[in-house]
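What the coordinates show
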Amino acid sequence: MGSMDAQAASERERISHVVRRLGYGARPDVVAALPDVDAAIGEALHLSSPPVDPGPLRVESANESRSRTTIRSVDQRWLEATLPGRRPIEQRLTWFWHDHFAIDLRKVGFAHLVDGYHQTIRRLATESFAELLNAVAIDPAMLM
């Protein structure tokens, strides 16, 4: 392989690294579409597309909020909202803050509260830390 080929491969590797670190995974088509590392960073940090918003989880009763079906739907909503796609840095930061301010569905006991907590984290993941911290500190799931 010539030095030009090695440089191109090395640049593709750096672009792939940026896409993986600032989002979830590096699909070959995404990496191929980015001309350089600066473009990869810009694309990952791009927040002008609408945020992911699955809307509130609707439950009719406390029993429904504790049901296995509802709990699975919270897990499914979380996974669907964090799939690669739009606003990769938002998804990455949502995961980071969710891991940092950890709650446990078994301790909270109500799926709809956990889902609301996920929405709080997602909504504020790219905002100021003070705003995120204040919201998490009074979130019902965190208080439980």
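Figured I'd write up the structure that's included with this text. What you see is a predicted model, and the numbers here were worked out from it, not measured in a lab.

This part is about the overall build of the protein. Helix and strand counts for the protein stand at 10 helices and zero strands. Overall, the protein shows an N-to-C arrangement of helices and strands of α-α-α-α-α-α-α-α-α-α. Rg of the C-alpha trace for the protein: 19 Å, well past the compact-globule value of 15 Å for 144 residues, more than 25% over. With respect to the principal axes defined by its C-alpha atoms, the protein has extents near 65 × 35 × 25 Å. When burial is assessed residue by residue, the protein has 35% of its 144 residues classed as buried. Across the protein, the fraction of contacts at a sequence separation of at least 24, relative to all contacts at a separation of at least 6, is 60%. Summed over its atoms, the accessible surface of the protein is roughly 8,900 Å², and 57% of this surface lies on carbon and sulfur atoms.

Here we come to the packing of aromatic side chains. A full pass over the atoms with the stated rule returns four aromatic pairs. Aromatic side chains Trp-97 and Phe-101 sit 5.8 Å apart centroid to centroid with 20° between the ring planes, which places their arrangement in the stacked category. The residues Trp-97 and Phe-101 share a single accessibility class, namely buried. For Trp-97, a relative accessible area of 15% translates into the label buried.

Put simply, helix α6 (residues 88–100) and helix α8 (residues 111–124) touch, their axes get as near as 8 Å, and they point 125° apart. Considering their axes alone, α6 and α8 lie oblique with respect to each other. Read as a crossing pair, α6 and α8 show a hand that is right-handed. Between α6 and α8, the residues in contact are Glu-90, Gln-91, Thr-94, Trp-97 and His-98 and Tyr-117, His-118, Ile-121 and Arg-122, respectively.

Another point: the environment of Pro-54. Relative to the elements of secondary structure, Pro-54 occurs in the loop between α3 (37–45) and α4 (62–66). Between the C-alpha atom of Pro-54 and that of Ser-128, which follows or precedes it by 74 residues, the distance is 22 Å.

Across its 14 residues, helix α5 (residues 68–81) extends 20 Å between first and last C-alpha, which sits within 8% of the 20 Å expected from 1.5 Å per residue. Taken as a whole, α5 has its buried residues at Thr-70, Val-74, Arg-77, Trp-78 and Ala-81. Down the axis of α5, the smallest arc covering the buried residues is 100°, so these residues share one side. Exposed residues pointing more than 90 degrees away from the buried face of α5 are listed as Arg-68, Thr-69 and Arg-72.

What follows deals with the pattern of salt bridges. Note on pairing: side chains with opposite charge can pair once their charged atoms come close. Summed over the entire model, instances satisfying the criterion amount to four salt bridges. Residues Glu-11 and Arg-14 are paired through a salt bridge, measuring 2.7 Å at the closest nitrogen-oxygen approach. Highlighted residues: Glu-11 and Arg-14, both in helix α1 (residues 3–22), separated by three residues, approximately one helical turn. A relative accessible area of 41% places Arg-14 in the partly exposed class. Salt-bridge contacts for Asp-29 lead to Arg-27; the nearest nitrogen and oxygen are separated by 3.2 Å.

Looking now at the packing of α5 against α8. Close contact between α5 and α8 brings their axes to 9 Å; oriented N to C, the two are set at 15°. Between α5 and α8, the angle is such that the two are roughly parallel. In the crossing of α5 with α8, the sense of the turn from one axis to the other is right-handed. In contact with Thr-70, Ile-71, Val-74, Arg-77, Trp-78 and Ala-81 of α5, α8 contributes Ala-111, Val-114, Asp-115, His-118, Gln-119 and Arg-122. Of the residues belonging to the contact of α5 with α8, the class tally is six nonpolar, three polar and three charged.

Rules used throughout
Residues numbered from 1 in each chain as written. Predicted model: local features only at pLDDT ≥ 70, side-chain atom pairs only at ≥ 80, totals over all residues. Heavy atoms only, no water. Helix = DSSP H or I, 4+ residues; strand = E, 2+ residues; numbered from the N terminus. Rg over C-alpha atoms; globule rule 2.2 N^0.38 Å. Buried < 20%, exposed > 50% of the residue type's maximum accessible area, 1.4 Å probe, protein only. Contact = heavy atoms within 4.5 Å. Areas by Shrake-Rupley, 256 points an atom, 1.4 Å probe, with all protein chains shown as cover. Phe/Tyr/Trp six-rings, centres within 6.5 Å; stacked < 30°, edge-to-face > 60°. Axes fitted to C-alpha atoms, helices over the stretch in contact; angles between N-to-C directions. Parallel < 35°, antiparallel > 145°, perpendicular 65-115°, else oblique. Left-handed = near helix turned anticlockwise from the far one by under 90°. Expected span 1.5 Å × (residues − 1). Arc of directions from axis to C-beta. Salt bridge = Lys/Arg side-chain N within 4 Å of Asp/Glu carboxyl O. Nonpolar A, V, L, I, M, F, W, Y, C, P; charged D, E, K, R; others polar.

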